[in-house]
Every structure is written in structure tokens, then in C-alpha cells.
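Structure at a glance
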Amino acid sequence: CWEEERERERDRETLSVSSNTLCPSLSLPNVRSCHLTQTWSGLGNGIKTYKYNALTFIPLNLFEQFKRVANLYFLALLILQVSLLKTALCYILCYILCHILCHILCHILCHILCHILFQESKWMNIHVGDVVRLKKNGHIPADILLLSSSNPNSLCYVETAELDGETNLKFKMGLKVTDERLQEERQLAQFDAMIVCEEPNNRLDKFTGTMCWRKDRFPLDLDNMMLRGCRIRNTDECHGLVIFAGADTKIMRNGGKTRFKRTKIDELMNYMVYSIFVILILVCAGLAIGNSFWYEEVGSRAWYLKDGKDQTASYRGFLSFWGYIIVLNTMVPISLYVSVEVIRLGQSKFINWDLQMYYQEKDTPAKARTTTLNEQLGQIEYVFSDKTGTLTQNIMAFKKCTIAGRAEQVDFSWNKYADSKFEYVDHSLVACIRSKKDKETLEFFKLLSLCHTVMVEQKEDELVYQAASPDEGALVTAARNFGFVFLSRTQDTITISEMDQEMTYEVLALLDFNSDRKRMSIILRFPDGRIRLYCKGADTVIYERLSPNSRHKEVTQTALDIFANQTLRTLCLCYKDISKQEFDAWAKKHKDASVAMGNREAALDRVYEQIENNLMMIGATAIEDKLQDGVPETIAKLAKADIKIWVLTGDKKETAENIGYSCELLTDDMQIHYGDDIKDQLPASSRTRKKVPDPFFPEPGKNALIITGGWLNEILYEKKKKRRRLRLKRLGRRPASATPQDSTQPIDDWEKESRQVDFVNMACECEAVICCRVTPKQKANVVSLVKKYKKAVTLSIGDGANDVNMIKTADIGVGISGQEGMQAVMSSDYAFAQFRYLERLLLVHGRWSYIRMCKFLRYFFFKNFAFTLVHFWYSFFNGFSAQVAYEDWFITLYNVMYSSLPVLLVGLLDQDVNDKLSRKFPKLYLPGQKGALFNYKNFFISLFHGIFTSLVVFFIPYGAFLQTMGQDGEAPSDYQSLAVVMASSLIFTVNLQISLETSYWTFVNCFAVLCSIAIYFGIMFDIHSAGIHVIFPSTFTFTGVAPNALRQPYLWLTIILTVGISLLPVIFIQFLCKTIWPSVGDNVQRNRKKYEEEEEEEKKKPAPFQRDRRSRRSAYAFSHSRGYADLIASGRSIRRRPAVALGTTTQTDLGSG
């Protein structure tokens, strides 16, 4: 991942600033700062956030609309009926609003330096190279290099909520040289530096540049940049140089196309629409042929059917074809899609309103951030979860430490800076510190107070620490409570209070953390002139760099093993004294590497390696990250629902395994397989791949897999060989020929794909999979592999920025609003505060949403087939003339008024069992995973059910009207009376049919069914009345038909007979299914009262005594993104060592903080 980034850096464009002018590698004449020579497109600060303009609105909007296949169908019908095209008013409104917003943004006023004075100007007039002045609480108009500010040391606080969703303030700091020399307007006007930087890109976490000024070069990074979209906070005034403007700013570069996620049901409905197209075309073609044949044999010979038109039978058949396309278009009505969106919106609101998913401690309700994926929640097969902050609380408590091999909880009243929330129980450690006799203990806590990137604020006489990670905050807080208090920092100094004595240290170098180094260091000059390096990091990297003379290595390693077994997050601390000569030689190399424009990170890493060696061990810390409430129970319930859970974490293997046992993802009856143990199975299997592969684990029993990111890279051939080729290319060498070790590398893409398939098959055989030490990109790759080769519905859940890629890759993304900001939440489809709410989201809301949507779609297709195909049967008796079987107004109102409300309420409110039983019986979730409730089989069942109902609805009234006589001696066998009887029979049938489908009856459901029938009769009698016919004689032509027909008892008997014959087979089939072949849901429904009584009895029983047992927690994990000053000190990986007696090792137990 880093090598690819370095490759991209090699191709970047060089930009130069000369006399307030920025351009790519060009020498430009001096110009005024308010007038810029345009050297490439995009230098202006005007932006466009709207998707359309006046020319592209119609074609682009139509393209988006026609991605849904049904819209093409509706468009064709609308054109055939010469109807008005439905206008996209909402899109036009968005188009107008976006234009207005962009206009407002471009006309915001700011201060730009012209000559030697700052003048007001609009944002749109800002150009690259301008010097601007920003005020407190103002928005930043472009990507700006901070030059100076009103705060000491040019410190500037910014709020980045619009970039990453995080509300905590970040600090930016100008270079020391610009802080000292660019405070006044006259000095700023004379600023003539040259800036060489990377080309515009979308990396919000990275900036690389160099400033050349007054024959010196200064490195620039993200800490010196203020990005567009941020706001100035706690800073009265600051000055900056515009580096990127307008569309070249990082926030605009991140405004890519939004890709919408679609559910399996949506995809299936597209294919069903295709099927309906085919059925419709075939039916209409058959009826058109029938019309041609009928006209040839009958119509042309009957004098009373002459219409005076000289048209051939073939042409009449052609017209009949398009007529039937219009008549039968209600097979897929527009109201179907409208109803689906209404149901999805309602289901989303139910999730938002669920008080059982509301986290009271942080006033955080659950939030459905999308309305299109609810039913997909009922089909999840794989859950991919982060660990830290997702399964755990991500609230760190300093619990234990080992100092120089000794172990030492506590009254902190002697320390005025102590945190009242911090608790400790070993009094001997405090006594040791206060005595000042143990130098190694003092050095331990001094390191914790100095080696970090925490920022401090003074609020009401209290110190408030702002840490990039909870781990760092816990460590600095621990040092603070033991008397080593971090007070303040500048660009080149850091001040602490050592046992009430204030000391200031000069910061000579800060060696950045990244996920490859897994450590951070700081080089300080002590007041007495000594130079010392402090370092903290993962044990795997620290132990490789220890001096042979370092003491306490074995006992510290043993303590680390103990801490890891207790699932604590560990961190090694060490130091090194450096001579002035050694530092001066190293500082020169560091200066050269820090201003390098090509592969700066790699150059700095190599320089860091030269100084971070021969370290002396001081000790190690252990931090507890508590498991969230309800995590084991949630995982157990999801496992019973046949949902496989994979944990993808940056923790080390021992930690990952322990957290797996702690949350009951791993159990004692599982066979644990490690990556190294099963590596040899994959190459052989990929060469002899079968259509139905043999199981990887033939032994009976449950299996679990624990692998590392490095193993994953090796197995899936990611990056390893590419990095080697790039390294050899830079050295000017050719890659060596394949060695025996390379023989397993893929010779082509097919073999690579086979290896990936085998890995996925192997992992999916396991009940649980844990991937540790994985990067954010690897997390996303694992999710995409399962989606690609298993065609499974996946869900990813995480809480941090390093989980965003995984969340976006999965079919469903869930964000936890935890301690690591809001980036995961902003990228997610659903968000809540605790992992335990996932159980309710899937087993209750997800299952209900899936059942409701499937029931709605099955019924909707049925009722429209039953309604539409009556026209088909009627065609055989009207010469295939495309004459409709119903009154026009009935056709118009059928889906809108007469049959929509009951099925809409079923889609919103129906439930087979209540929420408590849904969670008690996770097996109820299985039908959704199998897609058993809505598929092609169900579609064709609905089709044949509709065909049967349409046959009954047409032919029974037709047969009844053949030879009948009314009470008044007249025969009510006219077409209009037949249409009324068929329509009445259909309304009764479809509304009683939805009643049979309803599992959860409420007053609203009952009212909807009765109201739909009442509305039908009320409207029918109104539009058949003489009064409305007088007003609109050509529109309402069925005058008096309903009163005349429905006063005949014989016709009411016909309606009852039709409805009964339509419903009896359904009732019989439902009875057989629930008695002879009952599903799990049917059994639970049948015994619902029994289960509810048992639950009430359990509540009355006293809680059984449970022995307190220590829960296993996670060990220290490294972050994959940089924090303050591009640094986060994290990352541990315990190596296995032979057990050694602790001897004099000090392990300090801390109470829960």
C-alpha cells in the first residue's frame, strides 16, 4: 500500500510559488498578489457542486431514471397513451438549490493581500498564490499553507466536522521561520518563497511539500495545511498562502460519484420485470394474431361491424397489438414502486424510533441513513466486524505496568494536577515515586509525559488533553496522576511538571508513527545539555532494536505475555542517550530526508532506522479496553441464526484469540486453525481445482481460523512481489530468476483467482474467522472476496476511519458512533452506539422488513395479474378488439384507492411473531438468508394464482349472465352490469386475500380492509349516478348501472360464489402447510402464548448466582491512520518466548478507571 503511494508520488507535478504566484516548475515574472498568471486550468476558487446544468439536465436525469428497467416500460406506455411525461420536479429543485448554494459560496467575502494591504474580495476571486487573512469562526476558502497566527508559535485550531465528521478540534502549526518573520502586512507582502509540492489529490490525511526561502529549505506536511471545509476556532486571526483552490482542493477531489447500493430483491425485481415484458409481448402478439384471424373470418363479413375504414387484417392486428400493450400495462403498475418506497421509508422510521436501540448515556438513537436497504438486513450471511471500539468500548484504562523488571494502587491528594476519575490501588508505586530514589521509575513516567502527540488546553483551571487516540490519552493521564504532568508544547519545546517542578525540554526531532514502523520516538535536549531519545512501540519492533546490554528483556517479555493473556493492550518503552556529534551527523541526514520530494516517507524511515537502535528497555504498559455490554450474547444469537462473524482487526494474534474467547466467538469445543499450519493446503488444492471442492477440514466438529495480514498478503499474492520489483527497479537491478521459494507464486491470473477461491472456501467452512494485523485495504479486500466468490449478502460494522473502506465495500455498512470520530457513521447505511443493537437490527427489524416486503410483492403481483388478465379472457368474446373488461374509472382507481391501503399496511406493520420471540428463536432468520420468501418460484406461484383468480372472476359471472332474468322481468346481461359484477367480485377477493395473508391484526388493518371495500362502493355509486352524468356526460357513461345491477339478489349470489371459489383453494393450501408441513415460524406462532407465559415466569424467578470470572480482553492494537502531528503511538505483537520467572519484575495492578 505504501509502495504504491510512493510510486504515485514519483509522478506528481511540481508547483512553485514566486512572489505570491504558484505554478508548475516554471519561472514567472513578479506580479501583484491579487492578480495571478493562470498556468493551468482550475486555479480559480470557484466550484461546482451541482450535478446538472441547463444542457445536461435532461439527458443525465433520464439516464439515471432509466437505470431502473421498469421506467423504460412506463415511458413506453406513457408515449403510447399520449400522456404527459412525468416531470422530475425534485431534480429540478435540487439543480436550482445547488446553483444557489454554489453562488452563495463563491460570493462569500474574505481578505486577500493586494500590494501591502488586505482588501475584501469574494471567494471566487481567490487564486493559487494569494495570501489571505482568516478570522475566528470563519470558514477556510481553499487549501492554505498556514504562515502565522495570533496564537503563540503560530498555533491554529480548526474544526474538521465537514471533512471527517469529528467535532474535536485539531491543531495546525505554522513553520517557526514564517511565525517569526511573517506577522505584519509589510512582511507578508515581501514574502517571496518557492513552494514545491504534490499535485492536487484526494488524500485528506497527507500532504508533501518543500518551501525554499532565503537560501534554505523547509519541509511541509499536513500539520502546516488548513484544508477547505474546515473552520477556524479559538484563534483570533491567521494568515495563509493558497496552495490549492477551487476544484483542486482536497475536499472537492473527494466529491466523486455516489454509487448506490441495491438489494437482492431490487435486482430480482429487475429480472422479473424482464419476464413480465416477455409475457406481455407474447400475450399481446397472440391476441393481435387472434384479432387478424377473427377479422379475416368474421369481422370483414359482418355488415353491422363495418367501420368504413379500408384496413387490412394484418394492419388491424398490428393496431390491436399496441392497444393490448396499453390495456395490459397494469401487470407492473407505477404504484408498485411508489408503494415500495413508502414501505421502506416507514421501516426506516421504525428503526429511528426504536427506543430499545437508543443509547441513553450518550443520547444517541439508532439512525437509518438510507431507505433502500431495509429488507437486505433480513438476508445477512456474513458479518465483518472491527474489534477496538466496536466489540470493545475503546475507553482505555491504565491497568498495569512493568518497570525495570519490578512491580508496584492510591491517594493522589498530594498531586494538584491529578485526574479525579483515575483510580489506582498499589500505594507502594506512589511511595517509590515520591521518594525520588528509583531513577528508572521516574524515567518511566517521564517518558510517558514527553513521548506523545497530545495537545493540552486550559479550561477553568483544569488541564484538558486532546489525544489522537484513547491509548495515548490514557498513558499521558497516567503519567499526570503519578506526578509527571504534561503542561504545554510549542514547535520546539515541551513543558512538563516533574513532581511539582516545572521543566522545559527542547524538541530536536519527532519521529513520526506509521503502521509500518509501529513506533514513535522523540529526541530531546535536557536542560543540562544531554540529548536523549525516548521511544515507545510494539514489542516486535522494539525488541529488534534493543541493545545487547539492555537489561530486563526476558522478564519484561514474560510480563507482556501475562498481560496479553489477560487481554490487555501492551506497549514497550525504551530510551537511548545520544552524543552531540552523533546527533549532529544524524540531523543533517534527517534534514535532507525531510525536504525530499521523492519518496519522502521511505527516506525518513531509513533515517529513523539509523538512530532507533541500541535502545535500553525501561518497561512496558498495559491498558484495558473493556468489552461492550451484551457483546457475547449478541454474537451467540447471531451464530444461532447461521450468521458467520469475521473479526478484522489490527491487533496481534494473541490478543485477537483472547478477544475471540472473551466475546464467545471462539468456544472450547472449536478446533482452532492458524494460518501457518494450513498454508500448505492451498497451493496443492489450487492446481487440482474441482467443480465441487473437497472440504478443507474433513474432521467432524466446529472449526475456527486465525490468520494475520502478512499471511493474507502471502497467500493472496498481494503487494509482496510488487514491492520487491519496485525496490530492485530503484536500485537499477533486474529481478532474479524464480527461486524454489517462488515456485508457488501464480503464473497467471487464473491460478491467482483459484487461490483466492480456495481461501474463501476454506474460511467459509469455519464457524468463526479472525484476521489480525490487517490494514484497512485488506479489510475491504476480504469483504469483496466473500461477496465475489460466495455471492453472499455481507454486513460490515466498525467505528473508526480505518473501517470506512470495509463499510463501503459490504452490502450493508453499519457505523458505531464511538470514540474515534464520526467518519464510520458518515460512511454507513445504519448507525447506532453499541454493538449489541446489531442483534435487534438484524433479527427483528431486518427479518420483519424482509418478510413484509416479500409478502407485499407476492400479493401485489397476484392482485395485478388477477386484475389485468380478466381483459385477456374477455378478448375471446369481443373479437380481440382491445376492449377493456371494466369501467375506465375502475381501472384508474384500482391500484390507487381500492386495493392499496391494506397491502401497504401489511408491508409496514405485519409481523409473524413479536420482537421478543424473534430474538429468542434466531432460526426464524434462516428463510431470509436462503431467499425463500421471494424468488422466481414465488413469482410464478403469484402468476398462476392470479391466472386462476382472473379465470374465476371472469367466467363465473359470464356463465351467470348467459341465461338469467331479473325480478323485473328484464335480463341484466348487458356489458356494463357484467363489468360491475366482475369488479365487485375482484375487490372482495383481493381484500379478503390480503386478510388471509395478514399475520398481525390491529384495528388499523381491519379498518383498512373494510374502508377499501366501502370506498369502492361509495365511489362506484357516485360515478354511476345521474347527477355526475349530467355534468360530465362523455366521461361518466355507466349511468345507473350499479344501483340497477346490485339490487338483484341473483347477482349478489354470483359475487359470493365467485369470491368463495377464488379463496377456498388458498384456505385449503394454507391449512395443509401449517398442519402437515409447518415452518419454524408456524411452530413458534402456534405456541406463542406458551412462550410468553414462560418468559413471564422467568422474570419472576430470582437471578441465579453466578461466580465472578475474569473476562478476557483485547491487547494493544496499532492504528492505520495518523493522528495529531501525523502520529499515533500504537501497535503491539507479542512474540512467543520461553517462560522465565518474573524475578524482580514489577507488575503494577491498577484499579478500574
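Residues numbered from 1 in each chain as written. Predicted model: local features only at pLDDT ≥ 70, side-chain atom pairs only at ≥ 80, totals over all residues. Heavy atoms only, no water.

Moving on, we get to the overall build of the chain. The helix and strand inventory of the chain stands at 41 helices and 34 strands. Among the 1153 residues that make up the chain, the fraction classed as buried is 56%. Entry remark: accessible area of the chain is about 51400 Å², with carbon and sulfur atoms responsible for 56%. (Helix = DSSP H or I, 4+ residues; strand = E, 2+ residues; numbered from the N terminus. Buried < 20%, exposed > 50% of the residue type's maximum accessible area, 1.4 Å probe, protein only. Areas by Shrake-Rupley, 256 points an atom, 1.4 Å probe, with all protein chains shown as cover.)

On to the pattern of salt bridges, then. Side-chain pairs of opposite charge can arise whenever the charged atoms involved come near each other. Counting across every chain of the model gives 35 salt bridges. A salt bridge links Arg344 to Glu375, with the shortest nitrogen-to-oxygen separation between them at 2.4 Å. Pair noted here: Arg344 is in helix α11 (residues 334-353) and Glu375 is in the loop between β15 (367-368) and β16 (382-385), with a separation of 31 residues, a long-range link. No difference in accessibility class separates Arg344 from Glu375, as the two residues are buried. Taken together, the shared-partner salt bridges in this structure form one network comprising Arg519, Glu544, Arg545, Glu609 and Glu612. (Salt bridge = Lys/Arg side-chain N within 4 Å of Asp/Glu carboxyl O.)

Another aspect to go through is a negative patch on the surface. A cluster of acidic residues, Glu1092, Glu1093, Glu1096, Glu1097 and Glu1098, forms a negative patch at the surface. Structurally, the position occupied by Glu1093 is in helix α41 (residues 1088-1100). Among the residues examined, Glu1093 registers a relative accessible area of 53% and is labelled exposed. (Patch = residues over 30% accessible without salt bridge, like charges linked within 9 Å, V, L, I, M, F, W, Y side chains within 5 Å. Lys, Arg positive; Asp, Glu negative; His and termini not counted. Charge placed at Lys NZ, Arg CZ, Asp CG, Glu CD.)

Moving on to the sheet that holds strand β10 (residues 209-213). Pairing is antiparallel in the open sheet, where 3 strands are placed in the order β9-β10-β11. Both outer strands of the open sheet, β9 (194-197) and β11 (216-220), are each paired with one neighbouring strand and no more. Averaged over all adjacent pairs, the angle separating strand axes in this sheet is 20°, with direction ignored. As judged from the 4 bridges shared by β9 and β10, these two strands associate in the antiparallel manner. Its bridge partner lying in β10, Met194 is registered against Cys212. (Pairing = 2+ DSSP bridges. Axes fitted to C-alpha atoms, helices over the stretch in contact; angles between N-to-C directions.)

Where helix α30 (residues 888-898) meets helix α35 (residues 975-997), the axes come as close as 12 Å, and the angle between the chain directions of the two elements is 20°. If you check the angle between α30 and α35, you find them roughly parallel. For the crossing formed where α30 meets α35, the hand is right-handed. Where α30 abuts α35, its residues Phe890, Tyr894 and Tyr898 lie against Ala983, Leu986, Ile987, Val990 and Asn991. In terms of residue class, the contact of α30 with α35 is built from 7 nonpolar, 1 polar and no charged. (Parallel < 35°, antiparallel > 145°, perpendicular 65-115°, else oblique. Left-handed = near helix turned anticlockwise from the far one by under 90°. Contact = heavy atoms within 4.5 Å. Nonpolar A, V, L, I, M, F, W, Y, C, P; charged D, E, K, R; others polar.)

Along helix α19 (residues 631-640), the residues that are buried comprise Val631, Pro632, Thr634, Ile635 and Leu638. Considered in projection along α19, the buried side chains sweep an arc of 165° and stay on one side of the axis. Just past α19, the residue Asp642 takes up positive phi, approximately 65°. (Arc of directions from axis to C-beta.)

The next subject is the packing of aromatic side chains. Going through the model one piece at a time under the given rule, you end up with 53 aromatic pairs. Centroid distance Phe318 to Trp322: 6.2 Å. Interplanar angle 80°. Geometry classified as edge-to-face. Here Phe318 and its partner Trp322 are both found in helix α10 (residues 313-327), 4 residues apart, which amounts to about one turn of the helix. What makes Trp322 partly exposed here is its relative accessible area of 35%. Between Phe890 and Tyr894, the aromatic rings sit 5.7 Å apart at their centres with planes inclined by 50°, giving tilted as the arrangement. Note that Phe890 and Tyr894 are positioned in helix α30 at a spacing of 4 residues, about one turn of the helix. You'll find Phe890 and Tyr894 in the same group, each marked buried. The structure contains a cluster of three or more aromatic residues connected by ring pairs, namely Phe872, Trp873, Tyr874, Phe876, Phe877, Phe880, Phe954, Phe955, Tyr958 and Tyr975. Above the plane of the ring of Tyr465 lies Arg480, whose end atom (NZ or CZ) is 5.3 Å from the centre. Over the ring of Phe860 we find Lys863; its NZ or CZ atom is 4.2 Å from the centre of that ring. (Phe/Tyr/Trp six-rings, centres within 6.5 Å; stacked < 30°, edge-to-face > 60°. Lys NZ or Arg CZ within 6 Å of the ring centre and 35° of its normal.)

Our focus in this paragraph is the UniProt feature "active site" (unreviewed entry) in the chain. Following the UniProt record, the feature "active site" (unreviewed entry) maps to Asp386 here. Along the chain, Asp386 falls in the loop between β16 and β17 (392-403). For Asp386, the contacting residues outside a window of four places in its chain are Leu391, Leu648, Thr649, Lys779, Ile797, Gly798, Asp799, Asp803 and Met806. At a separation of 3.4 Å, a polar atom in the side chain of Asp386 contacts the side chain of Lys779. (UniProt positions renumbered as here; feature names shortened; annotations may be inferred. Polar contact = N/O pair within 3.5 Å; in protein donor to acceptor, adjacent residues only side chain to side chain.)

Looking now at the pairing of strand β32 (residues 812-816). Buried residues dominate β32, accounting for 5 of its 5 residues. Taking every second residue as pointing to the same face, both faces of β32 are buried, with Ile812, Val814 and Ile816 on one and Gly813 and Gly815 on the other. Relative to β32, strand β31 (residues 794-798) runs parallel, the two being bridged by 4 bridges. Its bridge partner lying in β32, Leu795 is registered against Ile812. Bridge analysis of β32 against strand β33 (residues 830-832) gives 3 bridges, and the strand direction is parallel. Bridging from a neighbouring strand, Val814 pairs with Tyr830 of β33.

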